[in-house]
Amino acid sequence: MSVAEATRLVGVGVGRGLVVGPVVRVHPAPVVPADGGPPDADVDAAFEAVGDVLRAQADVATGTLADVLRATAGIATDPALREEVARRVAAGERPAQAVDRSVEQFAQMFLAAGGPLAERVTDLRSVRDRVVARLLGEAEPGVPVLARPSVVVAHDLAPADTAALEIEKVLAIVTVHGGPTGHTAIIAGQLGIPCVVRVPGAAALADGEEVAVDAAAGTVERAPGEDRHEQARARRSAAAELEKDTSPGRTAEGHPVALLANVGSPADARRAVGVEGSGLFRTEVLFLGHASAPTLAEQTAAYADVLRAFGGRKVVVRTLDAGADKPLPFADQPGEENPALGVRGYRLVRREPGLLRTQLAALAAAADATGVDPWVMAPMIATVSETEEFVDLARSAGLRGPVGVMVEVPSAALRAADLLAVADFVSLGTNDLAQYTMATDRLRGSLVDLLDPWQPAVLDLVAATARAARAVGKPVGVCGESAADPLMALVLVGLGVTSLSMSAGAVPSVRYAVGRHTRARCAELAQLALASRTAHEARAAVRAAVDDQVGATLGL
Amino acid sequence: MSERTVAVGSAQGLHARPASIFTEAAKKSPVKVTVARPGGKPVDAASMLLVMTLAVKQGEEIVLRAEGDGADLALDGLAELLARDLDTAS
């Protein structure tokens, strides 16, 4: 390979970190070829080897991961599964095909039984993938157990893959596909892990080779020199310096701008230190991976846990936002042709009103148990009628805190004054607002330029919503990832946004940027953005006008 | 043919960790052991996958059967294991 050949790979960065470390690849699941794979592959040896590998991994893992690995090893040595495979091979099936079909037979049995059994199907299929890969002579698929801090490189990571990662050993995540508002990126942002997505050249990275991942620049550099190591150390110490400031968000002249963290679980809530609360508690995370909805008692306990973790600080709870890119087995409508435009978010109430009622009851019970009244808001609201309905439901469930709605649909932004006549507050979800304003699937990575939150049309809708809120003196927050961009945060403050909620790791940079500008200066920056014709021009105009020291310190 | 009927003691029933502990023990037993719901079709007690498909909850009874030398001793051990709460076992 020549030196010029792709030593610097370019993608879309998420976060601001810069790290240097060794690559660990996540290989995709194998596909059984049409001919069924090699006829003479040793199926018993493959099962034994997979069992051995999983047990060895379980021995060095801890907690839930160790239990899951041990249970998965048990599946690889299960006599009933092995007998079924042997029977199929004796009947003339190719080994890989026999494994594939036998596992699917058990998986169907488990899915039919439902409940906790259905949740084991992931483990079954993971055994299938590993054994079939061996039979086909392919690399071990799935998320590897990390022996040392590493840069995880994958084609794409499913939410289940991300959950299987040992986060404390993940230096950075690099994906070939995916988008900056996809779930891998959001989770990485939440955990403060530098992430670069849509890096076509990443497919060529080899296990063990050293790379420098720069999330701020969106680059992955192969064979980085000592200077990059030095920069990584400098960036780390600058970030550590900013992290020491945990004061409430203020503009330069002292006008408050609440800085909040987006969280999905009690564990996230406990990690969210140095913030004024949570502007987005994504409750669907508690529902993911469940074959049926968690019970009232389970939900109450989880919500109370999060409220307690914030110890009386503000917590804005978003009710279940399932559907489209966040499918749930018990809420899904099979055969939706256009799920992002279908029954998702608040609209689930049309089909499964019990889900929302139970959730609101659990929130009220959690409020009673903790003495903390959460703010509550519904996702994917399109009309004032839906707003009225949700406010009624929340009030009759006994919730005493502010009740609001999310503005993610252009109709809600355009009619924000009507919504705010009914709701106590609104919160802008800029990822979905961009998706629906620009008619661009947020999972379609190749259209990432259209999803840019700097698109002037998206900014116009944010401005309209903030104007409506200011007119009636009600809070307007932003809880999309755009709040995590220090430049965009200044524009949002300038438009009149009263709180910014983002991944906890992004708060120090945003606090610093906001604190170095007055509200009047932010309003001027917002006007520069709104006066631009393109997303690129809007960002460039704001970048050129921002405080010099902020630009230099944050590497903007 | 020896037989034992025992009520499952584990809080979550015979799933995940308890099922894994039970089937590992059954694998080590010198005789082939089957397990069934009363009146149901017996399955290999050494197969975690099949044992889990029985979906036995806490307090529900299951029937263990085995034949041959050491069958009684093996069944006594397994029955004692099943009666305990294996979720909290260390």
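Here's what I pulled together on the structure shown here.

Conventions we followed
Residues numbered from 1 in each chain as written. Chains lettered and ligands numbered in written order. Predicted model: local features only at pLDDT ≥ 70, side-chain atom pairs only at ≥ 80, totals over all residues. Helix = DSSP H or I, 4+ residues; strand = E, 2+ residues; numbered from the N terminus. Buried ≥ 20, exposed ≤ 12 C-beta atoms within 10 Å, placed from the backbone. Contact = placed C-beta atoms within 7 Å. Nonpolar A, V, L, I, M, F, W, Y, C, P; charged D, E, K, R; others polar. Pairing = 2+ DSSP bridges. Axes fitted to C-alpha atoms, helices over the stretch in contact; angles between N-to-C directions. Core = buried A, V, L, I, M, F, W, Y, C linked by C-beta atoms within 7 Å. Expected span 1.5 Å × (residues − 1). Parallel < 35°, antiparallel > 145°, perpendicular 65-115°, else oblique.

Scanning chain B for helices and strands turns up three helices and four strands. Secondary structure elements of chain B occur, N-terminal to C-terminal, as β-α-β-β-α-β-α. For chain B, with 90 residues in total, the buried portion stands at 39%. By sequence separation, contacts in chain B at least 24 residues apart represent 72% of the contacts at least 6 residues apart.

Attention shifts here to the overall build of chain A. Looking only at helices and strands, chain A has 23 helices and 16 strands in total. Expressed as a percentage of its 556 residues, the buried residues of chain A come to 51%. Across chain A, the fraction of contacts at a sequence separation of at least 24, relative to all contacts at a separation of at least 6, is 67%.

Taken together, the contact between chain A and chain B spans 15 residues of the former and 14 residues of the latter. Elements that contribute at least two residues to the side of chain A that touches chain B include exactly α2 (63–76), α3 (79–90), α4 (95–113) and α5 (115–118) of chain A. The element contributing the most residues to the side of chain A that touches chain B is α2 of chain A, with five residues. Of the residues belonging to the side of chain A that touches chain B, the class tally is 10 nonpolar, one polar and four charged.

Our next topic: the pairing of strand β5 (residues 170–175) of chain A. For a regular strand, the rule is simple: side chains alternate between the two faces of the sheet. Residues and elements named next belong to chain A. With six of its six residues buried, β5 lies for the most part within the structure. One ladder, built from two bridges, connects β5 with strand β6 (residues 195–197); its direction is parallel. Note on β6: the bridge partner recorded for Ile173 is Cys195.

All names here are of chain A. In space, the eight strands of this closed barrel follow the order β9-β10-β11-β12-β13-β14-β15-β16, with parallel pairing throughout. For this sheet, the mean inter-axis angle between neighbouring strands, taken without regard to orientation, is 25°. Across three bridges, strand β14 (residues 425–428) lies against strand β15 (residues 476–478) in parallel orientation. When the bridges of β15 are listed, Val426 appears paired with Val476.

This part takes up the sheet that holds β5 of chain A. Residue and element names in this part refer to chain A. In spatial order, the strands read β1-β8-β7-β3-β4-β5-β6-β2; together these eight strands make up an open sheet with mixed pairing. The open sheet terminates on both sides in strands that have one partner only, identified here as β1 (8–10) and β2 (12–14). Between one strand and the next, the sheet's axes are offset by a mean angle of 30°, whatever the strand orientation. Sheet analysis places strand β3 (residues 18–26) next to strand β7 (residues 210–214), joined by five bridges and oriented antiparallel. Each bridged residue has a counterpart across the sheet, and for Gly21 the counterpart in β7 is Val211.

By size, the foremost hydrophobic cluster in this structure holds 106 residues, and its most contacted members are Leu490 and Leu500 of chain A. In this structure Leu500 of chain A touches Val257, Leu259, Leu260, Val478, Ala483, Ala489, Leu492 and Val510 of chain A, once residues within four positions along its chain are discounted. In this structure, Ala76 of chain A together with Val33, Val35 and Ala74 of chain B belong to the second largest nonpolar core, which totals 53 residues.

Residue and element names in this part refer to chain A. With 17 residues, helix α18 (residues 456–472) extends 25 Å between its outermost C-alpha atoms, agreeing within 8% with the 24 Å of an ideal straight helix rising 1.5 Å per residue. Of the positions making up α18, those classed as buried are Val458, Leu459, Leu461, Val462, Ala463, Thr465, Ala466, Ala468 and Ala469. Note on α18: the residue one or two positions beyond its end, Gly473, has a positive phi of about 65°.

Because an α-helix completes one turn every 3.6 residues, residues spaced three or four positions apart along the sequence face the same direction. Residue and element names in this part refer to chain A. Taking 1.5 Å as the rise per residue, helix α13 (residues 353–370) with 18 residues should run 26 Å; its terminal C-alpha atoms sit 26 Å apart, in good agreement. When α13 is considered as a whole, its buried residues turn out to be Gln359, Leu360, Ala362, Leu363, Ala364, Ala366 and Ala367. Elements that come into contact with the buried residues of α13 comprise α12 (296–309), β11 (314–318), β12 (375–378) and α14 (384–396).

A separate point is the packing of α4 of chain A against helix α6 (residues 121–135) of chain A. Residue and element names in this part refer to chain A. Two numbers describe how α4 lies on α6: the axes approach to 9 Å, and their chain directions differ by 180°. Classified by the angle between their axes, α4 and α6 sit roughly antiparallel to one another. Together, Pro95, Ala96, Val99, Asp100, Val103, Phe106, Ala107, Phe110 and Leu111 of α4 and Val121, Leu124, Arg125, Val127, Arg128, Val131, Val132 and Leu135 of α6 make up the contact between the two elements. Within the contact of α4 with α6, the residues separate by chemical class into 14 nonpolar, no polar and three charged.

Residues and elements named next belong to chain A. The backbone of Arg198 shows a phi angle near 55°, a positive value even though the residue is not glycine. Position of Arg198 among the secondary structure elements: in the loop between β6 and β7. Look at Met380: it is not a glycine, yet its phi comes out positive at around 60°. Mapped onto the elements, Met380 comes out in the loop between β12 and α14.

Note that all results are geometric; they support no functional claim without further evidence.
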